[in-house]
Amino acid sequence: MEPMDIVGKSKEDASLPKATMTKIIKEMLPPDVRVARDTQDLLIECCVEFINLISSESNEVCNREEKRTIAPEHVLKALGVLGFGEYIEEVYAAYEQHKIETMQDSLKGGKWSNGAEMTEEEAVAEQQRMFAEARARMNGGAVAPKQPDPDPSLES
């Protein structure tokens, strides 16, 4: 692959997080095995090249099917075309696991949820409180303390 094969970017621009890759490399080896820094760099470059290869072939598969978006199925077909057919089952299993985990995360409320459900009234009250705090900060005033939620059992 030529240095400019990655759409508009040079090879030096495409990389993987070094700390994460180093952690993965170390986790895959026995604890008594050390890996030279040059070797870690080489392994990271191999991973980048592998991703480029799979991406490129997936794009070719996608184009042959006259699609505009690379789908997981295109990646699986690309693995087969490139001679990595023995990994298709394992990759597919990882993909299915990822879908399950993603679905579970979205059911939990996503990254902004704190796990507690709020009624619409509570959400509006919290929003108003936060707006008031922001206005006070913007105006250089003191922030009003958070008012305790009224106990619904005391209201009649």
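Residues numbered from 1 in each chain as written. Predicted model: local features only at pLDDT ≥ 70, side-chain atom pairs only at ≥ 80, totals over all residues. Heavy atoms only, no water.

K.L.:
I tried to follow the packing of helix α3 (residues 72-81) against helix α4 (residues 88-107) on my own but got confused; where do I start?
P.N.:
Helix packing for two helices is described by the angle between their axes and how far apart those axes are. In contact at an axis separation of 10 Å, α3 and α4 are set at 160° when each is read in the N-to-C sense. Classified by the interaxial angle, the pair formed by α3 and α4 is roughly antiparallel. Viewed along their axes, α3 and α4 form a crossing whose handedness is right-handed. Two secondary-structure elements touch here, α3 through Pro-72, Leu-76, Leu-79 and Gly-80 and α4 through Ile-88, Val-91, Tyr-92 and Tyr-95. Each residue belonging to the contact of α3 with α4 can be placed in one class, and the counts come to seven nonpolar, one polar and no charged. (Axes fitted to C-alpha atoms, helices over the stretch in contact; angles between N-to-C directions. Helix = DSSP H or I, 4+ residues; strand = E, 2+ residues; numbered from the N terminus. Parallel < 35°, antiparallel > 145°, perpendicular 65-115°, else oblique. Left-handed = near helix turned anticlockwise from the far one by under 90°. Contact = heavy atoms within 4.5 Å. Nonpolar A, V, L, I, M, F, W, Y, C, P; charged D, E, K, R; others polar.)

K.L.:
Sorry, what's going on with helix α1 (residues 18-28) here?
P.N.:
Side chains that are three or four residues apart share a direction in an α-helix, a result of its 3.6 residues per turn. Regarding α1, the residues found buried are Met-21, Thr-22 and Ile-25. Viewed end-on, α1 has its buried residues packed into an arc of 100°, placing them on one side of the element. For α1, the exposed residues set more than 90 degrees away from the buried face come down to Ala-19, Lys-23 and Glu-27. (Buried < 20%, exposed > 50% of the residue type's maximum accessible area, 1.4 Å probe, protein only. Arc of directions from axis to C-beta.)

K.L.:
Help me out: how do you make sense of the packing of aromatic side chains in this one?
P.N.:
Centre-to-centre distance and the angle between the planes together describe a pair of aromatic rings. Counted under the stated rule, the structure contains three aromatic pairs. Between Phe-50 and Phe-84, the aromatic rings sit 5.3 Å apart at their centres with planes inclined by 90°, giving edge-to-face as the arrangement. In this pair, Phe-50 is assigned in helix α2 (residues 37-64) and Phe-84 in the loop between α3 and α4, connecting sequence segments 34 residues apart. On the accessibility criterion, Phe-50 (36% relative accessible area) is partly exposed. On the basis of an interplanar angle of 45° and a centroid distance of 6.3 Å, the ring pair of Phe-84 and Tyr-87 is categorised as tilted. Judged by relative accessible area, Phe-84 falls into the partly exposed class, the value being 25%. Tyr-87 gets classed as partly exposed once you look at its relative accessible area, which sits at 41%. Counting every residue linked through ring pairs, the aromatic cluster contains Phe-50, Phe-84 and Tyr-87. (Phe/Tyr/Trp six-rings, centres within 6.5 Å; stacked < 30°, edge-to-face > 60°.)

K.L.:
I keep staring at the packing of α1 against α2 and nothing clicks. Help me out?
P.N.:
At a minimum axis distance of 10 Å, the contact between α1 and α2 shows a crossing angle of 105°. With respect to each other, α1 and α2 are oriented roughly perpendicular. From α1, Lys-18, Met-21, Thr-22, Ile-25 and Lys-26 reach across to α2, where they touch Gln-40, Asp-41, Leu-43, Ile-44 and Cys-47. Tallied by class, the residues present in the contact of α1 with α2 amount to five nonpolar, two polar and three charged.

K.L.:
Help me out: how do you make sense of the state of the cysteines in this one?
P.N.:
In a disulfide, the sulfur atoms of two cysteines are held together by a covalent bond. Here the structure, examined in full by the defined rule, presents zero disulfides. Here Cys-47 stays unpaired: no disulfide links it, and the sulfur of Cys-46, its closest cysteine neighbor, is 6.9 Å away. Overall, Cys-47 belongs to the partly exposed group, its relative accessible area being 30%. (Disulfide = S-S within 2.5 Å.)

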